[in-house]
Amino acid sequence: MQATAKLEFYDVYRVTDNGVMQAFIDADKKLQTSAATDTLDVAETVQMDTTYNYVYDSTGQIVDSTMNLVEAGTGGVEGGGPLMANMTLNLSSGEGLSFSPSIMGTASRNKKKLIDQYLNRPDVKALFPRDLEFRWAYKASRDFTTGEETDQYNLYAIRKKRGSNEAPLEGDRITNASANPDPTSGEVVVSLAMDTRGARIWADMTTKAAQDNNREIAILLDNEVVSAPSVRQPITGGDSQISGDFTMAEATDLANILQVGKLPARTQIIQESLVGPSLGQDNINRSLTSVGIAFALLLIFMVMYYVGGGLVSIIALLANLFFVIGALASYGTVLTLPGIAGIVLTLGMAVDANVIIYERIREELRLGKTLSMAVKDGFQQSYSAIIDANVTTILTALVLSYFGLGPIKGFAVVLIIGILFTLFTAVLLTRLMVEYWLSKDKSLSFASSWSQNLMTNVNIDWISLRKYGYMISGALILAGAISFFTRGFELGVDLKGGYSYNVQFAEGSNVNGDMLRKELGEQFGGSPVVKAVDTRNTFNITTSYLVDDTGEDAASRVMDKLYEGVNAISGGNLDKESFKSTNGEGTHITSSSKVGPTIAEDIKDSSLYSAIFALLLIFLYLFIRFNKWQFSLGAVLALLHDVLATLSIFTLLHGILPFSMEVDQAFVAAILTVIGYSVNDTVIVFDRIREFLGTYTGKTKEEVFNLAINNTLSRTIITSGTTLLVVLALFLFGGASIKGFAFALIFGILFGTYSSVFIASALVVDLTKEREFKGKEKKKKGFSRSTEPAK
């Protein structure tokens, strides 16, 4: 969100109004002589003679003690204090002003905050009229002679209504807004049309301004003055124009905002994150390390297992990585830690597609086909499994990008882009390279001597073991349910709301979690969650203290309590500013985040909706692809099993394992990734079952399923294994903030491989009657072949 489009119209004070300039003079003097000056930024103040020597001459011009004219807009006049040292006052009066009389003065951008501090001091505000408030221009002013933009911002004094914070006229009265050049001056303006009540108020304001020596009216957008035109005559029709030195693009943007209308509520920060540079660099280094190690592991495995074919897949993998990073750069994606995790996961999934193809080529070679024919049929027969597996993952990534917030949306975008380029590189680029090599009458090996016949003679009756699978899964999920009701989850701050801080203690500090809980519990009025992170001497502190307080100073009050508690533990000599700075020295905060209760509820709701929609989309897609509801239901129940099993691991093991197992947005992303990815193995098995249903007649459904599972076992294990390699690299080398995410993916992949056999396939067998399979066989009998799978 860039703006709330809070449009307001105010009457203004002029610099020539009685008492206004004298108030500036008195304020400057008070600031110089006040002892409170020492509490402000002393580096920005200038100590000068306290004698004030400027007076008005007979024409109303300000002159110094020698009766020399003080030029309009000169800061630092003789005897000036800190206010005049930091801003340029509009000291002219009468005709031919250098500045509009509604401009109090000007200052550079880096002085605006200091001037606001001066003018908002209670003793200084008391010098000005009670209904006067200062507002800055929204952009720098232009030089009157050259027309070029300067670094100076105009300061205005608006007239507020007594006892009210509302403007006399606001943007909710605007019925139409458009940008167009003024036909008279050629200046780009925003034309406004108002409703009946707005037109009546506007007519009253402009009538009074015109009668008061053509006084200006300030037009504010989000508390900044965009224009302060002088009113020459009353405007009674409700139509008006805003001129503010706009470009056509700026005027069009403003008109569009005003056309939509202002937000009916004030803005309030409900989620905020801050990461210090040292921690950010550490995360970058760890992420790059994990990507490098993951790539190296894949390279070693693919070359050792598939030899020449492995080298081709590595080239395709490099191209995939190049395309993904290039697309992200072109798209302008902000690469967060989950985004880097998405790249790592893309590497594993890209290799999966090559594994599916290569395993099929090896099957065709074992059937006695020539290398070129095996390559052709291997690619052809692999397309359906690759497309099904990647489409289901894309569906969950799309759901995640729609419902996800912040970094999780970034993860989904990276994953979608990665999958699209995976299909391009694994299917097209790999095939082009392989066929080009074979066209040169050169041989290409797809197996080493030790992997040639690995897992080719498996003959296990998997379906007969399904009851044991049901019992093991049921026991794990039941244990998880009991743990959920007794121990619950370790909810992250983004799901329960609150404040979270990573505090790094100075070297040699003898601090532990129990000490922090006790001391901070007294400060917060309740025990916070304190966890050690894998960075040395660093603790994560999470509290719900003041989470429901909507006051603007709530975050500062929480920070003060945190400082008081940590300072007491550290000996009472901590510098507060250094402690609060993410780039501070010694004991200091390295990162922090705040999530309000509203956004926490939104995240929980979006997490639930995203999981439901992902499962529904996968059910519908598989139903369309396999044309049997039993396949769809079996796959979805297997995915639900994977989610519940992963949740059970997290509720059972949190607080036991030596790293954070928070259930947060990253965990939700991991669960949805598990949903999209674990269906891959199920689809591979189902795809082979669909092929075998019309191939082998006279076999029972159990025999067909066992045959399909055994036939695809090598690719099931290898595809899961290669992805597991990269996720393990992410878990071991990716840093504390992503450990829980990687841990969820590890178990999700393991459960997904297990469930494709013992849950998905088993459920389809139990849900389908034998005659349905026989009926299917009869329909396809004319297309059957009698070749048994290679042993």
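For the structure itself, consult the block above.
Residues numbered from 1 in each chain as written. Predicted model: local features only at pLDDT ≥ 70, side-chain atom pairs only at ≥ 80, totals over all residues. Heavy atoms only, no water.

Draft legend 1. Representation of the overall build of the protein in the model. For the protein, the count of helices and strands is 23 helices and 18 strands. Across the 791 residues that make up the protein, the buried fraction comes to 52%. Residue pairs at least 24 apart in sequence account for 74% of intrachain contacts in the protein once pairs closer than 6 positions are excluded. As presented, the protein carries roughly 36000 Å² of accessible surface, and 57% of it is formed by carbon and sulfur atoms. (Helix = DSSP H or I, 4+ residues; strand = E, 2+ residues; numbered from the N terminus. Buried < 20%, exposed > 50% of the residue type's maximum accessible area, 1.4 Å probe, protein only. Contact = heavy atoms within 4.5 Å. Areas by Shrake-Rupley, 256 points an atom, 1.4 Å probe, with all protein chains shown as cover.)

Draft legend 2. Structural context of the pairing of strand β1 (residues 7-12). Extensive coverage of β1 is indicated by the burial of five of its six residues. Note that β1 and strand β8 (residues 169-170) share two bridges and pair antiparallel. Residue pairing for β8: Phe9 is matched across the bridge by Leu169. Relative to strand β7 (residues 152-159), β1 runs antiparallel, the two being bridged by two bridges. Of the residues in β7, the one forming a bridge with Asp11 is Arg159. (Pairing = 2+ DSSP bridges.)

Draft legend 3. Examining unusual backbone geometry more closely. Look at Asp222: it is not a glycine, yet its phi comes out positive at around 55 degrees. Structurally, the position occupied by Asp222 is in the loop between β11 (217-221) and β12 (224-227). Assessed through its relative accessible area of 24%, Asp222 is described here as partly exposed. Even without being glycine, Asp441 reaches a positive phi, approximately 60 degrees. One can find Asp441 in the loop between α11 (407-439) and α12 (466-486).

Draft legend 4. Quick look at the side chain of Thr106. Within the element layout of this structure, Thr106 appears in strand β5 (residues 103-108). Judged by its relative accessible area of 4%, Thr106 falls in the buried class. Of the polar contacts made by the side chain of Thr106, one reaches the side chain of Gln152; its length is 3.4 Å. (Polar contact = N/O pair within 3.5 Å; in protein donor to acceptor, adjacent residues only side chain to side chain.)

Draft legend 5. Region of interest: the nonpolar core. Among the nonpolar cores identified, the biggest contains 119 residues, and Ile675 and Phe741 are the most heavily contacted of them. In terms of residues, this core owes the most to one element, helix α19 (residues 665-693), which gives 18 residues. Ranked by size, the runner-up nonpolar core spans 29 residues in total, among them Met87, Val124, Phe134 and Leu155. (Core = buried A, V, L, I, M, F, W, Y, C linked by side-chain atoms within 4.5 Å.)

Draft legend 6. Representation of helix α22 (residues 739-767) in the model. Along α22, the helix axis deviates most sharply at Ser755, where the bend reaches about 55 degrees. With 24 of 29 residues buried, α22 lies mostly within the body of the structure. (Bend = angle between axes of the 7 residues up to and from the residue.)

Draft legend 7. Main features of the packing of α19 against helix α21 (residues 713-733). α21 packs onto α19 with a crossing angle of 165 degrees between their chain directions and a minimal axis gap of 10 Å. In terms of orientation, α19 lies roughly antiparallel with respect to α21. In terms of crossing hand, the pair formed by α19 and α21 is right-handed. Here Tyr677, Asp681, Ile684, Val685 and Arg688 of α19 lie close against α21, whose contacting residues are Arg715, Thr716, Thr719, Ser720 and Thr723. By residue class, the composition of the contact of α19 with α21 is three nonpolar, four polar and three charged. (Axes fitted to C-alpha atoms, helices over the stretch in contact; angles between N-to-C directions. Parallel < 35°, antiparallel > 145°, perpendicular 65-115°, else oblique. Left-handed = near helix turned anticlockwise from the far one by under 90°. Nonpolar A, V, L, I, M, F, W, Y, C, P; charged D, E, K, R; others polar.)

Draft legend 8. Examining the packing of aromatic side chains more closely. A full pass over the atoms with the stated rule returns 24 aromatic pairs. With 5.1 Å between their ring centres and 80 degrees between their planes, Phe24 and Phe128 make a pair best called edge-to-face. With a gap of 104 residues between them, Phe24 in helix α1 (residues 20-33) and Phe128 in the loop between α4 (122-125) and β6 (132-136) connect regions that are remote in the sequence. The exposure class of Phe24 is buried, given its relative accessible area of 0%. Given a relative accessible area of 6%, Phe128 falls into the buried group. Ring centres 5.7 Å apart and planes at 55 degrees place the aromatic pair Tyr563 and Phe579 in the tilted group. (Phe/Tyr/Trp six-rings, centres within 6.5 Å; stacked < 30°, edge-to-face > 60°.)

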